[in-house]
Every structure is written in structure tokens, then in C-alpha cells.
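Summary of structural features
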Amino acid sequence: QVQLVETGGGSVQAGGSLRLSCVASGRTVSSYALGWFRQAPGKEREFVAAITWSGSTIYYLDSGRFTISRDNAKNTVALQMNSLKTEDTAVYYCAAGAYDSGYVPVLDRMYDSWGQGTQVTVSS
């Protein structure tokens, strides 16, 4: 079982930046796909970004503003968010899925480990 803990959320004005981090424990996630999702009040959980175990394949909701990266030696994944908009306000979740074949899912049901979430609030 993988435990995930997100940090780095907070409040920022529109146009600002935040960097979210997620550290895994319980087992190494070097062979896992890692993803970020978000959920705004009253809305369904939404895909943000995901990366394969090797970092060779990455998918984004918005590649122009978000960057996902991972450090397998530290068992961490990060999400750099720039030019934030008010509509980016949500709880952001880190997720892990045991896919070592290069597959990187974008559907939340394909991930089996989740963090508790970190709040990101963007004000105008």
C-alpha cells in the first residue's frame, strides 16, 4: 500500500505561481505512474497532469501553465503551476497507479492510491 502526502497548497493571487509536492511512503513508486487531479466545490474530480514511471511520457490538462516532474530517488512528484487563474481554485490530489509499462492513465478510477489533498485558492 502506498501512502501519499501533498504539500504546497495555499492562497495566491491570479497570475501567481505555486509548487505542489507529493511524497510517497510505504513502498517505492519508481515503477508507478503518478498523477495530479483536482476537485473544485460542486464539481467532479478533474485530471490535471500525469507522468510515467520513467518520466518519458507526460499528459497535461494545460501544458502551457503546468509542469509535472518526479524524483524516483526521493519518491516524490511535483506540480509547478504558473499563471494561475481563479478557476484553478480546487483541492489538488496526488495519485499513484502501478503501471510500469509506460502507460499513464488520465482517468481517476485507474489510480489506486490517493493523498488527502491540498487546497489551492486563487483570488482575483
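Just so we're clear, the structure is a prediction, and the values are computed from it rather than from any experiment.

A short note on the overall build of the protein chain
Secondary structure assignment for the protein chain yields 0 helices and 11 strands. Its helices and strands in sequence order give the protein chain the pattern β-β-β-β-β-β-β-β-β-β-β, from N to C terminus. Relative to the 2.2 N^0.38 estimate, which gives 14 Å for 124 residues, the radius of gyration of the protein chain is 13 Å and therefore close to what a compact globule would have. Each principal axis of the C-alpha atoms in the protein chain carries an extent, and together these give about 40 × 25 × 25 Å. Each of the 124 residues in the protein chain was classed as buried or not, and the buried ones make up 43%.

Description of the pairing of strand 5 (residues 46–51)
Among the 6 residues of strand 5, 5 are classified as buried, and the element is accordingly described as predominantly covered. Looking at chain direction, strand 4 (residues 33–39) and strand 5 are connected through 5 bridges and run antiparallel. Within the sheet, the bridge partner assigned to Gly35 lies in strand 5 and is Ala50. The turn joining strand 4 and strand 5, which pair antiparallel and follow one another in sequence, is formed by 6 residues; a positive phi near 80° is taken by Gly42. Hairpin geometry of strand 5 and strand 6 (residues 58–60) is characterised by an intervening segment of 6 residues between the two adjacent antiparallel strands and by a positive phi of about 80° at Gly55.

Remarks on the side chain of Arg38
The topology assignment puts Arg38 in strand 4. Reaching out from Arg38, the side chain makes a polar contact with the side chain of Asp88 at a distance of 2.8 Å. The contacts of Arg38, once residues within four sequence positions are left out, are Glu44, Arg45, Glu46, Val48, Leu61, Phe66, Glu87, Asp88, Ala90, Val91 and Tyr92.

A closer look at the pattern of salt bridges
The final tally for this structure, using the stated rule, is 5 salt bridges. Two residues, Asp108 and Arg45, come together in a salt bridge whose shortest N-O distance is 3.2 Å. Placement of Asp108 in the loop between strand 9 (90–97) and strand 10 (113–114) and of Arg45 in the loop between strand 4 and strand 5 is noted, with a sequence separation of 63 residues between them. With a relative accessible area of 32%, Arg45 lands in the partly exposed category. Linking Arg65 and Asp62 is a salt bridge whose minimum nitrogen-to-oxygen distance equals 2.8 Å.

A look at the nonpolar core
Soluble globular proteins tend to bury their nonpolar side chains together. Formed by 27 residues in total, the largest nonpolar core has its most connected members in Trp36, Val77, Leu79, Met81 and Tyr92. Of all the secondary-structure elements, those providing two or more residues to this core are strand 3 (18–25), strand 4, strand 5, strand 7 (66–71), strand 8 (76–81), strand 9 and strand 11 (118–123). Excluding anything up to four places from it in sequence, Leu79 contacts Leu18, Arg19, Leu20, Trp36, Val48, Ala49, Phe66, Thr67, Ile68 and Tyr92. By size, the runner-up hydrophobic cluster in this structure holds 6 residues, among which are Phe37, Ala50, Ala95 and Val104.

Scoring rules and cut-offs
- Residues numbered from 1 in each chain as written.
- Predicted model: local features only at pLDDT ≥ 70, side-chain atom pairs only at ≥ 80, totals over all residues.
- Heavy atoms only, no water.
- Helix = DSSP H or I, 4+ residues; strand = E, 2+ residues; numbered from the N terminus.
- Rg over C-alpha atoms; globule rule 2.2 N^0.38 Å.
- Buried < 20%, exposed > 50% of the residue type's maximum accessible area, 1.4 Å probe, protein only.
- Pairing = 2+ DSSP bridges.
- Polar contact = N/O pair within 3.5 Å; in protein donor to acceptor, adjacent residues only side chain to side chain.
- Contact = heavy atoms within 4.5 Å.
- Salt bridge = Lys/Arg side-chain N within 4 Å of Asp/Glu carboxyl O.
- Core = buried A, V, L, I, M, F, W, Y, C linked by side-chain atoms within 4.5 Å.

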